[in-house]
Amino acid sequence: MEPAPGAPGGTGEGPSSSSDPADPGAASPPPPLPPRQEQQQQQPPLSRYESQKRRDWNTFLQYLTNHKPPLTLARCSGAHVIEFLKYLDQFGKTKVHAAGCTFFGQPSPPAPCACPLRQAWGSLDALIGRLRAAYEESGGRSESNPFAARPVRIYLREVRESQAKARGIPYEKKKRKRDPSAATAASASASAATVPEKNSEAGGESSSSALPAAGGTSSATTSAVGVRRDGSSSTS
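Residues numbered from 1 in each chain as written. Predicted model: local features only at pLDDT ≥ 70, side-chain atom pairs only at ≥ 80, totals over all residues. Heavy atoms only, no water.

(A) Local environment of the overall build of the chain. Looking only at helices and strands, the chain features seven helices and four strands. Helices and strands appear in the chain in the N-to-C order α-α-α-β-β-α-α-α-α-β-β. For the chain, the residues scored as buried account for 19% of the 236 residues in total. By sequence separation, contacts in the chain at least 24 residues apart represent 54% of the contacts at least 6 residues apart. Looking at the chain as shown, the accessible area adds up to about 18,100 Å², and 55% of this sits on carbon and sulfur atoms. (Helix = DSSP H or I, 4+ residues; strand = E, 2+ residues; numbered from the N terminus. Buried < 20%, exposed > 50% of the residue type's maximum accessible area, 1.4 Å probe, protein only. Contact = heavy atoms within 4.5 Å. Areas by Shrake-Rupley, 256 points an atom, 1.4 Å probe, with all protein chains shown as cover.)

As structure tokens, then:
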């Protein structure tokens, strides 16, 4: 008697282990990513400006934490912002000559001097712009923004003027470059607006020249030519 297929010792092949869903060794798909991790992977990389703004904001928050006594963002004022800018001077790389230095006012000194390094005015101005935007993006109100306070603007102006005198480099406000296409469109619209004015002026001159002057040729012609009731004219 032949053994049944699939029985122990039989010649038939049993079911494959790979097709068994209960087999623990079977390959299974990877688990899905958590929603937050999936969003982080799909989020585009930050621009250079956004990355710098985030680093500057974290640095300022760390400064408030290490402040003695510690400060909160709600209690931060323009005076604290100025203290923060002065604190950053120790990390500056711009040579600012003192008033008694022999190289005061020289843009390219021929030799080194003992004057301290400071943060350049342009760097401080750009930093305040980024922190002002980060403050409002973090939920702060624009009317209470300490980075837009008047003392901060005065301090930045004083730094600009003092560094310009010490370094002999005047800071001039850069003029914005106009878009050539916009300039062309503006000139075209201006030229189109002047055409009707010229036409109206030409029409006014022709109409005024057609009008007879008082006591002119028309009155003389009317007196010389008599008009009868039946439409025929007779000369006097």
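Once the structure has been displayed, the description carries forward.
(B) Broad picture of the environment of T72. Take T72: it is sitting in the loop between α2 (48–66) and α3 (78–87). With a relative accessible area of 42%, T72 lands in the partly exposed category. Sequence separation between T72 and L61 is 11 residues; the distance between their C-alpha atoms is 8.6 Å.

(C) Expanded view of the packing of α3 against helix α5 (residues 150–167). Two numbers describe how α3 lies on α5: the axes approach to 8 Å, and their chain directions differ by 30 degrees. By the angle class used here, α3 and α5 are roughly parallel. Between α3 and α5 the crossing geometry is right-handed. Residues G78, V81, I82, L85 and K86 of α3 pack against P151, V152, Y155 and L156 of α5. In terms of residue class, the contact of α3 with α5 is made up of seven nonpolar, one polar and one charged. (Axes fitted to C-alpha atoms, helices over the stretch in contact; angles between N-to-C directions. Parallel < 35°, antiparallel > 145°, perpendicular 65-115°, else oblique. Left-handed = near helix turned anticlockwise from the far one by under 90°. Nonpolar A, V, L, I, M, F, W, Y, C, P; charged D, E, K, R; others polar.)

(D) Structural view of the packing of aromatic side chains. The tally for this structure, following the rule as stated, stands at 10 aromatic pairs. A network of ring pairs unites the aromatic residues W57, F60, Y63, F84, Y87, F91, Y135 and F147 as a single cluster. (Phe/Tyr/Trp six-rings, centres within 6.5 Å; stacked < 30°, edge-to-face > 60°.)

(E) Just unusual backbone geometry, in detail. The peptide bond linking K68 to P69 adopts the cis configuration, its omega dihedral lying at -5 degrees. Summarising the element assignment, P69 is placed in the loop between α2 and α3.

(F) View of the side chain of H67. In this structure, H67 sits in the loop between α2 and α3. The buried category is assigned to H67, whose relative accessible area is 16%. Within the local environment of H67, its side chain forms a polar contact with the backbone oxygen of P69, the two atoms lying 2.7 Å apart. Within the structure, H67 has its side chain in polar contact with the side chain of E83 (distance 3.5 Å). (Polar contact = N/O pair within 3.5 Å; in protein donor to acceptor, adjacent residues only side chain to side chain.)

(G) Focus on the state of the cysteines. Across all of its chains, the model carries zero disulfides by this definition. With no disulfide partner, C113 has as its closest neighbouring cysteine sulfur the one in C115, 3.7 Å distant. With no disulfide of its own, C115 lies 3.7 Å from the sulfur of C101, the closest cysteine sulfur. In this structure C115 comes out as buried when scored by relative accessible area, which is 10%. (Disulfide = S-S within 2.5 Å.)

(H) Main features of the pattern of salt bridges. The full count for this structure, using the stated rule, is four salt bridges. Here E50 makes a salt bridge to K53, at a shortest N to O gap of 3.1 Å. Residue E50 and its partner K53 are located together in helix α2, separated by three residues, close to a single helical turn. Assessed through its relative accessible area of 31%, E50 is described here as partly exposed. Where R141 meets E143, a salt bridge forms, and the shortest distance between an N and an O atom there is 3.8 Å. In this structure, a network of salt bridges that share partners links the residues E50, K53 and E137. (Salt bridge = Lys/Arg side-chain N within 4 Å of Asp/Glu carboxyl O.)

Honestly, that's just the spatial picture; any functional story needs more than this.
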